[in-house]
Amino acid sequence: AQSVTQLDSQVPVFEEAPVELRCNYSSSVSVYLFWYVQYPNQGLQLLLKYLSGSTLVKGINGFEAEFNKSQTSFHLRKPSVHISDTAEYFCAVSRAAGNKLTFGGGTRVLVKP
Amino acid sequence: EAQVTQNPRYLITVTGKKLTVTCSQNMNHEYMSWYRQDPGLGLRQIYYSMNVEVTDKGDVPEGYKVSRKEKRNFPLILESPSPNQTSLYFCASSFSGVGNQPQHFGDGTRLSIL
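Note that the structure is predicted; figures quoted are calculated from it, not measured.

> I'd like to hear about the pattern of salt bridges, residue by residue, with values.
Residues and elements named next belong to chain A. For the structure on display, the rule yields 10 salt bridges over all chains. When the shortest N-O distance is used, the salt bridge between D8 and R22 registers 2.9 Å. Taken together, the residues span a long stretch of sequence, with D8 in the loop between β1 (3-6) and β2 (10-14) and R22 in the loop between β3 (19-21) and β4 (23-26) at a distance of 14 residues. Take R22: its relative accessible area is 32%, and that puts it in the partly exposed class. Note that R77 and E66 form a salt bridge whose closest N and O atoms lie 3.6 Å from each other. Residue R77 is found in strand β9 (residues 73-78), and its partner E66 is found in strand β8 (residues 64-68); the two are separated by 11 residues along the sequence. What emerges from the salt-bridge pattern is a single network uniting E20, E66 and R77.

> I'd like to hear about the packing of aromatic side chains, residue by residue, with values.
Going through the model one piece at a time under the given rule, you end up with 13 aromatic pairs over all chains. Measuring from ring centre to ring centre gives 4.3 Å for Y50 of chain A and F67 of chain A, while their planes differ by 20°; the resulting arrangement is stacked. Taken together, the residues Y50 of chain A in strand β6 (residues 44-50) and F67 of chain A in strand β8 connect sequence positions 17 residues apart. Using a relative accessible area of 11% as the deciding quantity, one classes F67 of chain A as buried. On the basis of an interplanar angle of 65° and a centroid distance of 5.9 Å, the ring pair of Y64 of chain B and Y89 of chain B is categorised as edge-to-face. Of the two residues, Y64 of chain B sits in the loop between β6 (54-57) and β7 (65-66) while Y89 of chain B sits in strand β9 (residues 87-94), which places them 25 residues apart along the sequence.

> Give me the interface of chain B and chain A: which residues, what numbers.
Facing the 25 residues of chain B at the interface are 23 residues of chain A. Of the roughly 1,700 Å² buried between chain B and chain A, counting both surfaces, carbon and sulfur atoms make up 54%. Linking chain B with chain A are 1 salt bridge, by the criterion used here. Notably, a salt bridge pairs K100 of chain A with D59 of chain B, separated by 2.6 Å at the nearest N-O pair. At the junction of chain B with chain A, the criterion picks out 3 residue pairs in polar contact (both at pLDDT 80 or more). Every element with two or more residues in the side of chain B that touches chain A is listed here: β4 (31-38), β5 (42-51) and β9 of chain B.

Criteria and cut-off values
Residues numbered from 1 in each chain as written. Chains lettered and ligands numbered in written order. Predicted model: local features only at pLDDT ≥ 70, side-chain atom pairs only at ≥ 80, totals over all residues. Heavy atoms only, no water. Salt bridge = Lys/Arg side-chain N within 4 Å of Asp/Glu carboxyl O. Helix = DSSP H or I, 4+ residues; strand = E, 2+ residues; numbered from the N terminus. Buried < 20%, exposed > 50% of the residue type's maximum accessible area, 1.4 Å probe, protein only. Phe/Tyr/Trp six-rings, centres within 6.5 Å; stacked < 30°, edge-to-face > 60°. Contact = heavy atoms within 4.5 Å. Buried area = accessible area lost by both parts, 1.4 Å probe. Polar contact = N/O pair within 3.5 Å; in protein donor to acceptor, adjacent residues only side chain to side chain.

Right, dumping it as structure tokens:
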């Protein structure tokens, strides 16, 4: 079985400050990792994904994430946030031959002016 | 425009009254799935479908039914809704399976069961 833990349920941050959202996963087999963003009253959109190769993955809107296999982590970062980054962020994991995407509990980011 | 369309977006109903939430995608995707989103729990998979007439249970299938008679449609059926099914529901699709495929999500359906 696979599981995902997002360590922070809420992260308040000031505009133009950096932000890091933490994600840890557990799985007995190789996994693919995703970050999705949910803006208010909308569905989820893909921010970035790690499938293989370079452990530093760049996504849309200036976000990046680093896969760390030894620590089973996939933390999301942005060096300078904007008000428009206020949203809920979900880390998710799937197995290579799986039919199931497992989500973490989500992290709400509130960007303050 | 490529999209996943859910209807209705909002519904308030009463316990025991059968309801159906429709989901349609226009991307010729084989894989479709339903999730429910509850605060602090993230999204949990209810059912998924690998293709027409192929469906299987996710993590929280109790109280729900699905069907996949056509490739584009994947309705979620609550035969006898109960208050613990009050939630935000999302339909998603991808070309094939989950694996390395990013999911395309609908805008959600907020159900309130009184």
